[in-house]
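Structure assessment
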Amino acid sequence: MEIKIIDLPKIVDPRGNLTVAEALTKVPFDIKRAYWVYDVPGGESRGGHAHKRLKQLVVALSGSFHVTLDNGHECRSVLLNHPWQGLLIDTNIWRTLDDFSSGAVCLVLASEHFDEDDYIYDYDEFLKYVGCSK
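Read on for a plain summary of the structure.

What counts and what doesn't
- In this convention, every chain numbers its residues from 1, walking through the sequence in written order.
- Local features in this predicted model are restricted to residues whose pLDDT is 70 or higher, and side-chain atom pairs enter the listing and the counts only when it is 80 or higher, whereas totals over whole chains, interfaces and linings include all residues.
- Values shown for side chains rest on all heavy atoms present in the structure; no hydrogens or waters enter the calculation.
- In this text, helices come from DSSP runs of H or I with a minimum length of four residues, and strands from runs of E with a minimum of two, each type numbered from the N-terminal end.
- Any residue under 20% of the maximum accessible area for its type is buried, any over 50% is exposed, and the rest in between are partly exposed; the area is computed with a 1.4 Å probe on protein chains only.
- Any two residues whose heavy atoms approach within 4.5 Å are treated as being in contact.
- In this charge count, Lys and Arg are treated as positive and Asp and Glu as negative; neither His nor the chain ends contribute.
- Should a side-chain nitrogen of Lys or Arg be within 4 Å of a carboxyl oxygen of Asp or Glu, the pair is scored as a salt bridge.
- Here a polar contact is recorded for every N or O atom pair within 3.5 Å, except that within protein the pair must consist of a potential hydrogen donor and a potential acceptor, and residues adjacent in sequence are included only if both atoms are side-chain atoms.
- Only rings of Phe, Tyr and Trp enter the pairing, Trp through its six-membered ring, and a pair is recorded when the two centres are within 6.5 Å. The plane angle decides the type: under 30 degrees is stacked, over 60 is edge-to-face, the rest tilted.
- Only Lys NZ and Arg CZ are tested; either one counts as a charge over a ring when it is within 6 Å of the ring centre and within 35 degrees of the ring normal.

The topology assignment puts Asp7 in strand β1 (residues 4-7). Residue Asp7 is classed as partly exposed on the basis of its relative accessible area of 44%. When the C-alpha positions of Asp7 and Asp124 are compared, they lie 34 Å apart, and in sequence the two are 117 residues distant. Once you skip the residues sitting within four places of it in the chain, Asp7 turns out to touch Lys26, Trp84 and Gln85.

See below:
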């Protein structure tokens, strides 16, 4: 499974740095939705699902957290801790976010509007959907 970290432009300025995420340039899809996750209690995790059509770019705006990706054949974990880097998550990938540091903020840029039918919440159903049995 290929892990793709996208370096977003980091404009260094003594007054404070600035990073931009533009659709169809550095972000390889049209951004239809943005949301952020924060105040995650210690020991809790987020995600725990896959998407059939939606792609995401996940950015640690503040702090750090791990993202575990599973395509049904292999699992890989990535530490996100730079606000100028985003993890591209394609369709049909089970994702779990955990080990949030205190004050961590996770930004997600999504290729689609919210659609409950796009989610796969059951891991066994996910494995069947991607044609894998463990």
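Following the structure, the description resumes.
In this structure, Arg95 sits in strand β10 (residues 94-98). Of the side chains bearing the opposite charge, Asp118 lies closest to the buried Arg95, which forms no salt bridge; the N-O distance is 7.7 Å. For Arg95, the side chain forms a polar contact with the main-chain oxygen of Ile93, separated by 2.9 Å. Setting aside chain neighbours within four positions, we find Arg95 in contact with Gly47, Gly48, His49, Ala50, His51, Gln56, Thr68, Leu69, Ile89 and Asp90.

What follows is about the packing of aromatic side chains. Applying the stated criterion to the full structure yields six aromatic pairs. Measuring from ring centre to ring centre gives 5.0 Å for Phe65 and Phe100, while their planes differ by 25 degrees; the resulting arrangement is stacked. With Phe65 in strand β7 (residues 65-70) and Phe100 in the loop between β10 and β11 (105-110), the pair connects residues that are 35 residues apart, well separated along the chain. Considered together, Phe65 and Phe100 belong to a single accessibility category, that of buried residues. Ring geometry for Tyr119 against Tyr121: centres 5.2 Å apart, planes inclined by 15 degrees, an arrangement best described as stacked. On the accessibility criterion, Tyr119 (13% relative accessible area) is buried. Ring pairs connect the aromatic residues Trp94, Tyr123 and Phe126, which therefore count as one cluster. In this structure, Lys10 packs its charged tip against the face of Trp84, placed 3.8 Å from the ring centre.

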